[in-house]
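Here is how the chains run, residue by residue.
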Amino acid sequence: MTTTLTESRTTTAPTTGATVHLSAVVKAFAGHTALNSIDLEVAPGELVALLGPSGCGKTTALRSISGLESIDSGRILIDGEDVAETPTNKRDIGMVFQAYSLFPHMTVLENVEFGLKMRKVAATRRRERALETLDMVGLTKHRDRFAHQLSGGQQQRVALARALVTRPRVLLLDEPLSALDAKVRVQLREEIRRIQTELGITTVFVTHDQEEALAVADRVAVMRDGRIEQIGTPEELYATPANAFVADFVGLSNRMPAELIDGTVTLHGCSLNLLGASMPDGPVLALVRPEDMFLAADGIAGTVISSSFLGSLRRTRVRLFDGTVVAIQHEVERHPLPGEAVSVRLKGAPVSALPPKHKK
Amino acid sequence: MSLATAPAPEQDGVEHSARHHPRVALVKPSNRRRRLAYAGLTPFAAYVLIFLALPTILAVVTGFFSDDGTLTFDNVTGLFTPTIIATFGSSFWLSGVSAVIGAVVGALICYAMLGTRVGGVLRTIIESAASVLAQFGGVMLAFAFIATIGVQGLVTVILRDTFGVDIFADGVWLYQVPGLVLPYVYFQVPLMVITFLPALTALRPQWAEASATLGGTRFAYWRHIAAPVVAPAFLGSLLLLFANAFSSFATAAALISQGSQIVPLQIRAALVSETVLGRENMAGALALGMIVVMVVVMWAYSVLQSRTSRWQR
Amino acid sequence: MSASRTAPVQRGETASTRAKPANQAVRIGAEPSALTRRLILGIIGAIFLIPVIAMIEFTFRNGLAGDYTVSHWTGLFSEDSARTYRGLYQAIGNSLVLAAVTVGIVLLLLLPTMVLVHMQLPRLKRTLEFICIIPITVPAIVLVVGLAPVYSVVVKVLGGSTWTLAFAYGITVLPYAYRAIQSNLDAIPVKTLSEAASTLGAGWMTVLWTILLPNLRRGVLAASFISIAVVLGEFTIASLLNRRNLQTALLQVSQSDPWVAVIFALFALALAFVLLLIIGRLGSATLSRRKS
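Being a predicted model, the structure only gives us computed values, none of them experimental.

Participant: Break down the overall build of chain A for me, citing the residues and quoting the values.
Facilitator: If you tally the helices and strands in chain A, you get 8 helices and 20 strands. Each of the three principal axes of chain A carries a C-alpha extent, and together these read 75 × 45 × 40 Å. In chain A, which comprises 360 residues, the share counted as buried stands at 48%. Of all intrachain contacts in chain A linking residues separated by at least 6 positions in sequence, the fraction that spans at least 24 positions is 69%.

Participant: Which residues make up the overall build of chain C, and what are the values?
Facilitator: A tally of regular secondary structure across chain C gives 15 helices and 0 strands. At a minimum sequence separation of 6, the contacts of chain C that also span at least 24 residues come to 77%.

Participant: Lay out the pairing of strand β8 (residues 202–207) of chain A with the relevant residues and their values.
Facilitator: All names here are of chain A. For β8, the tally of buried residues reaches 6 of 6 residues, placing the bulk of the element in the interior. Inspection of the sheet shows strand β7 (residues 170–174) paired to β8 by 5 bridges, in the parallel sense. Bridged to Leu-173 within β8 is Phe-205. Handedness of the crossover is the feature at issue here: the chain leaves β7, passes through helix α5 (residues 182–199), returns alongside β8, and the resulting connection is right-handed.

Participant: Requested: an account of the sheet that holds β8(A), with residues and values cited.
Facilitator: All names here are of chain A. In space, the 6 strands of this open sheet follow the order β6-β7-β8-β3-β9-β10, with mixed pairing throughout. This sheet does not close on itself; its edge strands, each paired only once, are β6 (93–96) and β10 (227–232). When the angles between neighbouring strand axes are averaged without regard to direction, this sheet yields 20 degrees. In terms of strand pairing, strand β3 (residues 47–51) meets β8 through 5 bridges, oriented parallel. Counterpart to Val-48 in the pairing with β8 is Val-204. Running over the sheet, helix α1 (residues 58–66) touches β3, β6, β7, β8 and β9 (219–224) and is turned about 150 degrees from β7.

Participant: Help me get a handle on the nonpolar core, residues and values and all.
Facilitator: Ranked by internal contacts, the top residues of the largest apolar core, which has 259 residues, are A:Ala286, A:Ala353, B:Phe143 and C:Ala177. Each residue touching B:Phe143, except ones within four places of it in the same chain, is listed here: C:Met55, C:Ser254, C:Ala261, C:Val262 and C:Ala265.

Participant: Please give an account of the sheet that holds strand β15 (residues 293–296) of chain A that cites residues and values.
Facilitator: All names here are of chain A. In space, the 5 strands of this open sheet follow the order β15-β19-β16-β17-β18, with antiparallel pairing throughout. Edge positions in the open sheet fall to β15 and β18 (325–330), since each of these has one partner strand only. Along the sheet, successive strands turn relative to each other by an average axial angle of 45 degrees, direction set aside. Two strands pair when backbone bridges link them, and strand β16 (residues 300–309) and strand β17 (residues 314–320) are joined in this way by 7 bridges, in the antiparallel orientation. From the neighbouring strand, Phe-309 faces β17, where its bridge partner is Arg-314.

Participant: Can you lay out the UniProt feature "domain: ABC transporter" (unreviewed entry) in chain A for me, pointing to particular residues and giving the numbers?
Facilitator: Those residues carrying the UniProt feature "domain: ABC transporter" (unreviewed entry) are residues 20–250 of chain A in this numbering. A helix fraction of 36% and a strand fraction of 26% characterise residues 20–250 of chain A, whose end C-alpha atoms lie 25 Å from each other.

Participant: Kindly report on the confidence of the model for chain C, identifying the contributing residues and their values.
Facilitator: Residue and element names in this part refer to chain C. Looking at chain C as a whole, the pLDDT averages 78, with 82% of positions reaching at least 70. Within the model, the stretch residues 1–24 combines pLDDT values under 50 with 31 contacts to residues more than four positions away or in other chains. For residues 287–292, every residue scores under 50 in pLDDT, and the model assigns this stretch 4 contacts once sequence neighbours within four places are set aside. The complex model carries a pTM of 0.79, and its ipTM stands at 0.79.

Participant: Report on the interface of chain C and chain B, specifying residues and quantitative values.
Facilitator: Taken together, the contacts link 76 residues of chain C with 76 residues of chain B. When residues of the side of chain C that touches chain B are assigned to their parent elements, the largest contribution, 14 residues, is made by helix α15 (residues 258–291) of chain C. Class assignment of the residues belonging to the side of chain C that touches chain B gives a composition of 53 nonpolar, 18 polar and 5 charged.

Participant: How would you sum up the packing of helix α5 (residues 82–113) of chain B against helix α9 (residues 177–201) of chain B? Please name residues and give values.
Facilitator: The axes of two packed helices give the description: the angle between them and the distance between them. Residues and elements named next belong to chain B. The contact between α5 and α9 brings their axes to 6 Å, and the two run at 45 degrees. Comparing their axes, α9 and α5 come out oblique. The two elements α5 and α9 meet at a crossing, and its hand is right-handed. Of the residues in the contact of α5 with α9, the class split is 23 nonpolar, 5 polar and no charged.

Participant: I'd like a description of the pairing of β17(A), backed by residues and values.
Facilitator: Residue and element names in this part refer to chain A. Hairpin connection from β16 to β17: 4 residues lie between these consecutive antiparallel strands, with Gly-311 at a positive phi of about 95 degrees. Of the strand pairs in this sheet, β17 and β18 are connected by 6 bridges, and their pairing is antiparallel. When the sheet's bridge partners are listed, Arg-314 is paired in β18 with His-330. Counting the residues between successive antiparallel strands, the hairpin from β17 to β18 contains 4 residues, one of them, Gly-323, with a positive phi of roughly 95 degrees.

Participant: So what's going on with the environment of C:Phe235? Which residues, and what values?
Facilitator: Summarising the element assignment, C:Phe235 is placed in the loop between α12 (217–232) and α13 (236–240). For C:Phe235 and C:Arg37, which are 198 residues apart along the polypeptide, the C-alpha to C-alpha distance reads 36 Å. Sequence-distant contacts of C:Phe235, that is, excluding residues within four places in its chain, are made with B:Gly138, B:Val139, B:Ala250, C:Gln247 and C:Thr248.

Participant: Lay out the environment of C:Arg38 in plain terms, naming residues and giving numbers.
Facilitator: Residue and element names in this part refer to chain C. When you line up the elements, Arg-38 lands in helix α2 (residues 34–59). In this structure Arg-38 comes out as partly exposed when scored by C-beta crowding, with 13 C-beta atoms within 10 Å. Here the alpha-carbon distance between Arg-38 and Leu-124, two residues 86 residues apart in the chain, equals 46 Å.

Participant: Give me the lowdown on unusual backbone geometry, citing residues and values where you can.
Facilitator: Residues and elements named next belong to chain A. Backbone geometry places Asp-92, a non-glycine residue, at a positive phi of 60 degrees. For Asp-92, a count of 19 C-beta atoms within 10 Å translates into the label partly exposed. In this structure, Arg-167 is a non-glycine residue whose phi angle is positive, near 50 degrees. Inspection of the secondary structure assignment puts Arg-167 in the loop between α4 (152–164) and β7. With 15 C-beta atoms packed within 10 Å, Arg-167 lands in the partly exposed category.

Participant: Describe the environment of B:Tyr301, and please don't skip the residues or the numbers.
Facilitator: Residue position: B:Tyr301 is located in helix α14 (residues 282–308). Through-space distance from the C-alpha of B:Tyr301 to that of B:Ser248 is 19 Å; in sequence the pair is 53 residues apart.

Participant: Tell me about the packing of helix α5 (residues 86–119) of chain C against helix α9 (residues 174–187) of chain C, residues and numbers included.
Facilitator: Residues and elements named next belong to chain C. Their axes nearest at 11 Å, the elements α5 and α9 cross at an angle of 40 degrees. As summarised for this structure, α5 and α9 are arranged oblique, according to the angle between their axes. Remark: the crossing between α5 and α9 carries right-handed chirality. Residues Val-106, Leu-110, Leu-111, Met-114 and His-118 of α5 form the contact with α9, whose own contacting residues are Ala-177, Tyr-178, Ile-181, Gln-182 and Leu-185. Residues of the contact of α5 with α9, tallied by class, amount to 8 nonpolar, 2 polar and no charged.

Participant: Give me the lowdown on helix α7 (residues 140–158) of chain C, citing residues and values where you can.
Facilitator: Residue and element names in this part refer to chain C. With 19 residues, α7 ought to run about 27 Å at 1.5 Å a step, yet its terminal C-alpha atoms sit only 22 Å apart, falling short of that. Of all the bends found along α7, the most pronounced is centred on Leu-147 and spans about 40 degrees, while Pro-149, a proline, follows it within four residues. After α7 finishes, the residue Gly-159 shows a positive phi value of roughly 85 degrees.

Participant: Any details on the confidence of the model for chain A? Residues and values, ideally.
Facilitator: Should pLDDT be low for a region, the predicted coordinates there are not to be read in detail. Here chain A shows a mean pLDDT of 88. Residues at 70 or above account for 94%. Residue range residues 1–15 of chain A is modelled with pLDDT below 50. Its contacts to residues more than four positions away, or to other chains, number 25 contacts.

Conventions and cut-offs
Residues numbered from 1 in each chain as written. Chains lettered and ligands numbered in written order. Predicted model: local features only at pLDDT ≥ 70, side-chain atom pairs only at ≥ 80, totals over all residues. Helix = DSSP H or I, 4+ residues; strand = E, 2+ residues; numbered from the N terminus. Buried ≥ 20, exposed ≤ 12 C-beta atoms within 10 Å, placed from the backbone. Contact = placed C-beta atoms within 7 Å. Pairing = 2+ DSSP bridges. Right-handed = clockwise from strand over helix to strand, strands pointing away. Axes fitted to C-alpha atoms, helices over the stretch in contact; angles between N-to-C directions. Core = buried A, V, L, I, M, F, W, Y, C linked by C-beta atoms within 7 Å. UniProt positions renumbered as here; feature names shortened; annotations may be inferred. pLDDT = per-residue confidence, 0-100. Nonpolar A, V, L, I, M, F, W, Y, C, P; charged D, E, K, R; others polar. Parallel < 35°, antiparallel > 145°, perpendicular 65-115°, else oblique. Left-handed = near helix turned anticlockwise from the far one by under 90°. Expected span 1.5 Å × (residues − 1). Bend = angle between axes of the 7 residues up to and from the residue.

Now the structure itself:
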């Protein structure tokens, strides 16, 4: 997993989008609490990603905003208006689904025109605006095709154009990229971000892919068991995770046995500050980022297991003398060979910690 | 690819083994194997020829011969006598009415089944019941309707004694063509459920949700999306139902013992009495007439299928 | 959108709770409400039950007297029933033999051909499908016209025993059996499996016996059961070729003892329902296995 966060995230576009406000939203399905009092505020024109493992409630949260799911209690405000009694088709939203949502008997153009038709826009104006929006996703030349004649990526572009053609107040994206190939996924997520920024449309993006969330979102809400564990910019989540779950879920971490003494993590002789809530003293598992360690002339002894070239950097797996296997990120010039004896040192960055018997 | 074709060098794993074991030449055996494969088709081909192709040809061809073996068009022109035309007319009427009723009622059941779990108890029971009842046509179905709306049938008696309604006030119609409509509907509805349910349940929930997020009402969803998507399947099922009723014999044979009001009964009369309207081999001509109708219906069905394949996978 | 619609927290909560009770999804799509579903299925189901109920009621009627008796049922188990209904039992025997031979034709003629075409001659797939669908276009009542001369030869060659009729039944079950086996064939990755096996050194026959057939068990069972159900209900060909099977015998018995005819019809119906229920279970089992 790459952790480069150099993506420019300037939101200088005109903020025409609406606000979205969830307060104390609760939703339970037979015996299972999908949303356990969710609070979320999305600013106009902002892109917020809901990130979490499957079953964490992120899709339920999105569907509650769209009105496809009713909520048990709490309030959802769009543009300051309580939408509890507003059915989906009156909420003025645009939504892109995971896959297969294009109407199969309509051409690309007819699909894109659908929302305008529902709003009784005159035929000529409708066509004009549909073609405009189709141009935005670069599919004008496929306007007469049917869904099954398009690739998965093209289908999702059409779905995006269809959702945007009405210039909705809010754009909701439900894992729109998860059914696509890795390469198309990266391309399309950048395109979604570009169009979203251009239009200044308030967007909620659901994903289980932390890399995706960090790459496109202004802010990311990490969810677990129907709760938001932490919400913040990608940089905040990565550098100062509120707890071990966030640290573990966002980015790659090594788990190393350590000792917590007076609230400080002691690991192979190094004292490291503890991130997140304080824990009782005693043995813990420290979560150390691969880039917070380096290969040095002396330090913790270990043996190289493997080393992989990742383009701008190299990641080497080392078995430490105590048996712990760690991944270390370093410059490509250094090329350790399997079996080579090396020494590892910590850079001293603050770490998160898990209780010692924690299993993922 | 098939294992029988000679492997090209860049193909799958088969020729890897050939490369590792150069002595195993796959090209020759594969030719021989293909010939063997064709030979393996012989028993089935012979069976189908004798018991499907031959009877079909015989059925049609006998219509063109007189009893002494000379070629004649008398039987075929005999199809255009008023009696036979009227018989085809009743067959069309019966098939059409029972198909339309069956299609509408069956589609209603399919609609009610939307949202039930595939493999769930309700689904399995209804699907099995539909399979049974679609095969139920025949003697047993005739019994059931005699017991229900026969002269002494359960419903007839209850209506007469409790409600004072005599369903046979204008004569006993159960043993006439109109009397066949109800029993036919009884096997047409289940057939509709079997053929139409897959098409209706193939409506993806995302389409409804997308329609709603785009501002569509439930009515708009039905009008612009659900109805156009399932329409070809509905019409196709309707044609199958028509063909099914048109070719059905057993129910009518068990209910109507006298007269030949529909084409299959006319064929029975021709086979049993050897002469209908004083013409021999009339059965062959009637069979030809039925095949023509069936081919036209099935052709319409395939046209319908290919027209919609424009947007179907 | 007016600001007046913005309800205070308390009201918003109660309103949304009242409007859509917990655990009930918003109805968006084509699905009917639970009430509509129950109404439709309940009413149509009740109407479809009436003839079956009428049949059951009929078997307890005491002639035209208007009162009820169990004698028609108890008569089945009386000592002389075997003699009284000998013709019927014989016809049932005939139908069972016919069902067995028909299943044999499906297993020994159709199944190997389908596997062969699927694995070795895929270009013939459409042709085979076309042939197997023909019996829908050429119904039994048409086929029987040409079968009459064919059977006059068959009788000379094989004799006039009952089982020969199964040759004709094999044709009438063709569309059903084909569909059952084909859907199973399509569901298993035959190409990948056979390629994997041949890279591991298995020959064609080994692939067939150890990999393909075990995976086809459900389709083969379904094809067999549907064939049995069709054969037990067949009337047209038997009647017009003057053969005795369950259905022709039922019609004959109904002239003298309609009660027993209806009792046996109910048995046949129940048996067919059980057979097809098993097919249904087989189908859904295949489905859930594929999902997991």
